[in-house]
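# Geometric and topological summary
Residue strings, one per chain:
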Amino acid sequence: QVQLVESGGGLVQAGGSLRLSCVASGRTFSGNTMGWFRQAPGKEREFVAGITWSTSTCFPESVKGRFTISRDNAKNTVYLQMNSLKPEDTAVYYCAATPYNCNGYAKNWNYWGQGTQVTVSS
């Protein structure tokens, strides 16, 4: 069974940091690009970060310089380190996998986790 399981969400004050983790089953991790999206209430799902199998990364301008993404292929795990968090970063964060290169189009990502809530208070 294909699974992506996120953890690490929670409540943090503005300016703080959180690290999200996503553990993937072998079929969804090996060779795939892994990434994170987020969705706030009433908004569309938004691309946050991606990392290819060869560890090339991509980020939208909204998080560049504040978020980093990494992967541990031996542990089938991808991480999202979020620093200098802002209230507008509040959302449910989803881990995702795609056989394509890094891209921000949700329709191109085949597998999704159940999401983890991140709340940033002002």
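Below, the structure is looked at part by part. (Residues numbered from 1 in each chain as written. Predicted model: local features only at pLDDT ≥ 70, side-chain atom pairs only at ≥ 80, totals over all residues. Heavy atoms only, no water.)

## What to know about the environment of R19
Short version of the rule: Starting at the N terminus, helices and strands are each numbered in turn, a helix being any DSSP run of H or I of at least four residues and a strand any DSSP run of E of at least two. When checking whether two residues touch, look at their non-hydrogen atoms; a contact exists if any pair is within 4.5 Å.
Its place among the elements puts R19 in strand β3 (residues 18-24). R19 sits 11 residues away from G8 along the chain, and the two C-alpha atoms are 6.0 Å apart. Each residue touching R19, except ones within four places of it in the same chain, is listed here: S7, G8, Y79, L80 and Q81.

## Some thoughts on the pattern of salt bridges
Selection rule: By convention in these notes, a salt bridge is any Lys or Arg side-chain nitrogen within 4 Å of a carboxyl oxygen on Asp or Glu. Think of it in three bands: with a 1.4 Å probe and only protein chains considered, a residue is buried below 20% of the maximum accessible area for its type, exposed above 50%, and partly exposed in between.
If you walk through the whole model with that rule in mind, you get 4 salt bridges. Note that R38 is salt-bridged to E46, the shortest N-O span being 2.8 Å. Of the residues examined, R38 reaches a relative accessible area of 6% and is grouped as buried. Of the charged contacts in the structure, one is a salt bridge between K64 and E61, with a shortest N-O distance of 3.0 Å. Through salt bridges with shared partners, a single ionic network connects R38, E46, R66 and D89.

## As for the environment of Q114
Relative to the elements of secondary structure, Q114 occurs in the loop between β10 (111-112) and β11 (116-121). Between the alpha carbons of Q114 and Y94 there is a distance of 6.6 Å; along the sequence they are 20 residues apart.

## A look at the packing of aromatic side chains
Let me state the cut-off plainly: Any Phe, Tyr or Trp ring, taking Trp's six-membered ring, that has another such ring centre within 6.5 Å forms a pair; planes under 30 degrees apart are called stacked, those over 60 apart edge-to-face, and the others tilted.
For the structure on display, the rule yields 4 aromatic pairs. Ring geometry for F37 against F47: centres 5.4 Å apart, planes inclined by 65°, an arrangement best described as edge-to-face. Within this pair, whereas F37 is found in strand β4 (residues 33-39), its partner F47 is found in strand β5 (residues 46-51), the two being separated by 10 residues in sequence. On the basis of relative accessible area, F47 is assigned to the buried category, the value being 11%. A ring pair is formed by F47 and W109, whose centres lie 6.2 Å apart and whose planes are at 40°; its orientation type is tilted.

## Some points on the nonpolar core
Operational definition: We call a set of buried Ala, Val, Leu, Ile, Met, Phe, Trp, Tyr and Cys residues a nonpolar core when their side-chain atoms join them within 4.5 Å.
With 27 residues, the main nonpolar core has M34, W36, F67, V78, L80, M82 and Y93 as its most contacted residues. If you list the elements that add at least two residues to this core, you get β3, β4, β5, β7 (67-72), β8 (77-82), β9 (91-98) and β11. Not counting chain neighbours up to four residues away, the residues in contact with F67 comprise R38, V48, F59, L80, Q81, M82, N83, L85, D89 and Y93. Counting residues in each nonpolar core, the second largest holds 5 residues, with F47, C58, A96 and W109 among its members.

## What to know about the state of the cysteines
Where we set the bar: In plain terms, two cysteine sulfur atoms within 2.5 Å form what is called a disulfide here.
In the structure shown here, the tally under the stated rule is 2 disulfides. With a sulfur-sulfur separation of 2.1 Å, C22 is cross-linked through a disulfide to C95. With the S-S dihedral at roughly -80°, the linkage between C22 and C95 falls on the left-handed side. Residue C22 is located in strand β3, and its partner C95 is located in strand β9; the two are separated by 73 residues in the primary sequence. We classify C22 as buried; its relative accessible area is 0%. Covalently, C58 is tied to C102 through a disulfide, its sulfur atoms 1.8 Å apart. Across the disulfide from C58 to C102, rotation about the S-S bond amounts to roughly -80°, and the bridge is consequently left-handed. With C58 in strand β6 (residues 57-58) and C102 in the loop between β9 and β10, the pair connects residues that are 44 residues apart, well separated along the chain.

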